[in-house]
Amino acid sequence: MKTVGFGKNCKVQLHSSRKPYMELVQERVAHLELQHCEDAFFLADLGDIVKKYEKWMELLPRVEPFYAVKCNNDPAVLKLLAHLGVGFDCASKDEISRVLRLGVRPSRIVYANPCKQNSFIRYAAKEKVDLMTFDNEAELYKIKNAYPTARLVLRILPPANFKVQCELGNKFGCHPSDARCLLRKAKEHGLNVVGISFHVGSGVEEAEAFSAAVETAAQVFNEGQALGFDFDLLDIGGGFPGHSEAPVTFKEIATVLNKALNKHFPPKRNVRIIAEPGRYFVASAFSITVNIIAKRLVTSYLDKDMAENDKDGKGAFMYYVNDGVYGSFNSLLYDHASVEARLVNAPVNPMEFVTSVWGPTCDGLDQILKNAKLPELDVGEFINFPDMGAYTLCAGSTFNGMPRPDMFYHCSENIWNTLFPSDLKVPEPSSPITKSLPILKAGHQLEKVEIDVLSASPTPVCV
Ligand code: PLP
């Protein structure tokens, strides 16, 4: 097995592009079992992120992606996206500093938090991260004091009549009817507003949410220009789906969005269009595999649903696994996510039972699956959950002293060789990668990354 180093503390296992992901999970589990290791682990497919990047460039060629770091701040993800030339949406001083430390230029960052701490604005000024969003008058005064030459983007509320997984309009966004007044205030203070942004909500379920928001943004854009601002930027935010089971596909959104952009912001208008995708890039790239640490057969029920589901009276199984809602499955609470369990090994007996799966803490809220149907499993077996890259590992805690999962990276060898044509050579920004990834746009400069080749497979961190 070939393994390459990708910066500090990160090793990437390279494999044939035909290898199914469950086979990789099984290999990792077999390796852990040999070490008597039962720790939960993430498996991150860096090649999946590269494919998403290529798809973005193919389907939304006019829109520059600025990856939303909050969604998953894993160092290898950030390093890979920086190498691909993607920009970054940062919400805090820490996120800005992480991205700058990768060698990303400040001009590739948008500080997209409309309500910022004063000292963070001063930090942005010191680091020359000058593009930032606002949606209220108090923010204008703070920016005037801390960074008067910043380039500001007014975040407006998009139309709210569309279904989304996570609403954001309840917290941020200036109502379009108040925009003119706020822009006037900015003008009075001599501030430089350069454009409009919106966020339709995370995990949008209807493509038309984007076209409606673009139309509203165009109206406010025109008002700003009428007030004398030299607007040249539209930021269409995040919300794009990250996995194949999403209610609307990225392609459907891109079709609707391109039409709306070409109608309201045709190329001749010379408006730079950026977006802040988070889950789009990372959701499907990560799976988590957890270990069954305890098990219980229940035949007398307190839970009415469980009793009703166990129609034939076989009993129901409760499994306790070593990550839960206080860890990586916090997405069930914060992101309104739902998860699907996949068995790592074929069951001894395929007969299914009513099943609930619980996290390792002592809290009754810590439940991952309720009323699922699974064959009987044993303590020590592993269960895998796909599509776990978005809003999972970044907000996980160690509540009850439970450890965070290990992280293993892999990538198809073809994709890796395309990214880094010679593994031993550090690619220069002008290296032939532009030939191998034909849709890599001009202006998207590749960054220098450290890589080295290792011969051994990564050793699990286990005792
Ligand atoms: N931009 C901002 C300002 C956000 O608050 C978020 C998510 O909360 C994102 C981008 C990323 O959204 P998504 O992951 O839905 O693409």
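Sequence order as written defines residue numbering, which begins from 1 separately in each chain. pLDDT decides what is reported in this predicted model: residues at 70 or higher carry local features, side-chain atom pairs at 80 or more are listed and counted, and totals for whole chains, interfaces and linings draw on all residues regardless.

With that out of the way, let us pick up the overall build of the protein. A run of DSSP states H or I qualifies as a helix once it reaches four residues; a run of E qualifies as a strand once it reaches two. Both are numbered from the N-terminal end. Along the backbone of the protein there are 14 helices and 21 strands. In this setup the radius of gyration rests on C-alpha atoms only. A globule is expected at 2.2 Å times the number of residues raised to 0.38. Scaling as 2.2 N^0.38, a compact globule of 463 residues should have a C-alpha radius of gyration of about 23 Å, and the protein matches this with 24 Å. Each of the three principal axes of the protein carries a C-alpha extent, and together these read 70 × 55 × 40 Å. Buried means a residue has 20 or more other C-beta atoms within 10 Å of its own C-beta, exposed means 12 or fewer, and partly exposed covers the counts in between; C-beta atoms are placed from the backbone. Of all 463 residues assigned to the protein, the portion counted as buried reaches 44%. Our contact criterion uses C-beta atoms placed from the backbone: two residues qualify when those atoms are within 7 Å. If you take every contact in the protein between residues at least 6 apart in sequence, the share linking residues at least 24 apart comes to 73%.

As a further point, take the UniProt feature "domain: Orn/DAP/Arg decarboxylase 2 N-terminal" (unreviewed entry) in the protein. UniProt positions are given in the numbering used here, feature names are shortened, and annotations may be inferred rather than shown by experiment. Those places that UniProt annotates as "domain: Orn/DAP/Arg decarboxylase 2 N-terminal" (unreviewed entry) correspond, in this numbering, to residues 46-283. Structurally, residues 46-283 is divided into 44% helix and 17% strand, and its ends, taken at the C-alpha atoms, are 12 Å apart.

Next up on the list: the site of the ligand. Each residue gets a C-beta atom placed from its backbone. Should that atom fall within 6 Å of a molecule or strand, the residue is termed near it. Surrounding the ligand, one finds 17 residues, the nearest of these being A68, S202, G238, E276 and G278. Listing elements by their share of the shell around the ligand, those giving two or more residues are β11 (202-204) and α10 (279-282). Gly falls in the polar group here, along with every residue not listed as nonpolar (Ala, Val, Leu, Ile, Met, Phe, Trp, Tyr, Cys, Pro) or charged (Asp, Glu, Lys, Arg). Taken together, the residues of the shell around the ligand sort by class into seven nonpolar, seven polar and three charged.

On to the environment of V99. Structurally, V99 can be placed in helix α4 (residues 93-101). Judged by the 26 C-beta atoms lying within 10 Å of it, V99 is buried. Spatially, the C-alpha atoms of V99 and S287 are 24 Å apart, while their sequence positions differ by 188 residues. For V99, the residues in contact, after removing those within four places along its chain, are V69, L78, F88, C90, V104 and I109.

Our focus in this paragraph is the domain arrangement of the protein. Start and end points for every domain follow an automatic or database-based domain assignment. Under the domain assignment used here, the protein contains domain 1 (35-44 + 288-405) and domain 2 (46-283). Placing a centre on the C-alpha atoms of domain 1 and another on those of domain 2 gives a separation of 36 Å. Counted by class, the side of domain 1 that touches domain 2 contains five nonpolar, two polar and two charged residues.

For an α-helix the count is 3.6 residues per turn, leaving residues at separations of three or four pointing the same way. Helix length check: helix α1 (residues 21-34), at 14 residues, gives a terminal C-alpha distance of 20 Å against a target of 20 Å (1.5 Å per residue), a fit within 8%. Those residues of α1 lying buried are V25, R28, V29 and L32. One side of α1 holds all its buried residues, which, seen down the axis, span an arc of 100°. Exposed residues pointing more than 90 degrees away from the buried face of α1 are listed as E23, A30 and L34. Lining the buried residues of α1 we find β3 (41-45), β14 (286-298), β19 (382-385) and β20 (406-412). Here the expected length of a helix is defined as 1.5 Å per residue gap, with one fewer gap than residues. This arc is taken over the directions from the axis of the helix to the C-beta atoms.

What follows deals with helix α2 (residues 46-59). Taking 1.5 Å per residue as the helical rise, α2 with its 14 residues ought to reach 20 Å, and the 20 Å between its terminal C-alpha atoms agrees with that figure. All buried positions along α2 are accounted for by L46, G47, D48, I49, V50, K52, Y53, W56 and M57.

Another point: the pairing of strand β8 (residues 151-155). Remember that side chains alternate between the two faces of the sheet whenever the strand is regular. Among the five residues of β8, four are classified as buried, and the element is accordingly described as predominantly covered. Any two strands between which DSSP finds at least two bridges are classified as paired. Relative to β8, strand β7 (residues 131-134) is paired through four bridges, and the arrangement is parallel. Residue pairing across strands places F134 opposite L154, the latter belonging to β8. In the classification by handedness, the crossover that spans β7, the intervening helix α6 (residues 137-146) and the parallel β8 is right-handed. Here a crossover is taken to be right-handed if, once the strands point away from the viewer, the path from the first strand over the helix to the second is traced clockwise.

Two measures define how a pair of helices packs: the angle their axes make with one another and the distance between the axes. Between N-to-C directions, angles span 0 to 180 degrees; the directions come from axes that are lines fitted to C-alpha atoms, helices contributing only their stretch in contact. At their nearest, the axes of helix α5 (residues 118-127) and α6 sit 9 Å apart, and the two run at 45° to each other. Looking at the two axes, α5 sits oblique to α6. Read as a crossing pair, α5 and α6 show a hand that is right-handed. Mapping the contact onto sequence places N118, I121, R122 and A125 in α5 and K142, I143 and A146 in α6. In the contact of α5 with α6, the residues fall into four nonpolar, one polar and two charged. For this classification, under 35 degrees means roughly parallel, over 145 means roughly antiparallel, 65 to 115 means roughly perpendicular, and everything else is oblique. By convention the crossing between two helices is left-handed if the near helix lies anticlockwise of the far one by an angle smaller than a right angle, and right-handed if it lies clockwise.

Turning our attention to the confidence of the model for the protein. On a range of 0 to 100, pLDDT expresses the predictor's confidence in each residue. On average, residues of the protein carry a pLDDT of 91, and 91% of them reach 70 or more. Long-range and interchain partners of residues 423-436, a stretch whose pLDDT sits below 50, account for 21 contacts in this model, where long-range means more than four residues apart. Note on residues 450-463: pLDDT is under 50 here. Beyond four places in sequence and across chains, it has 33 contacts.

When the UniProt feature table is mapped onto this chain, "domain: Orn/DAP/Arg decarboxylase 2 C-terminal" (unreviewed entry) is found at residues 284-389. Secondary structure over residues 284-389 splits into 9% helix and 39% strand, and the C-alpha atoms at its two ends are 6 Å apart.

So, about the nonpolar core. Counting residues in each nonpolar core, the largest one holds 130 residues, and the members touching the most others are Y111, L152, L154 and F210. Residue contributions to this core peak at seven residues, all from helix α8 (residues 208-226). Shared between two domains, this core holds at least three residues of each, these being domain 1 (35-44 + 288-405) and domain 2 (46-283). Dropping the residues within four chain positions of it, L152 is found in contact with M132, F134, I143, A186, L191, N192, V193 and V194. Defined on buried residues, the nonpolar core groups Ala, Val, Leu, Ile, Met, Phe, Trp, Tyr and Cys residues joined through C-beta atoms within 7 Å.

Across the six residues that make up strand β4 (residues 63-68), a large majority, six, are buried. Two elements, β4 and strand β13 (residues 272-275), share three bridges in a ladder whose sense is parallel. Directly across from V63, in β13, lies its bridge partner I273. When β4 meets strand β5 (residues 87-90), the two strands line up parallel, connected through three bridges. Pairing of A68 across the sheet is with D89, part of β5.

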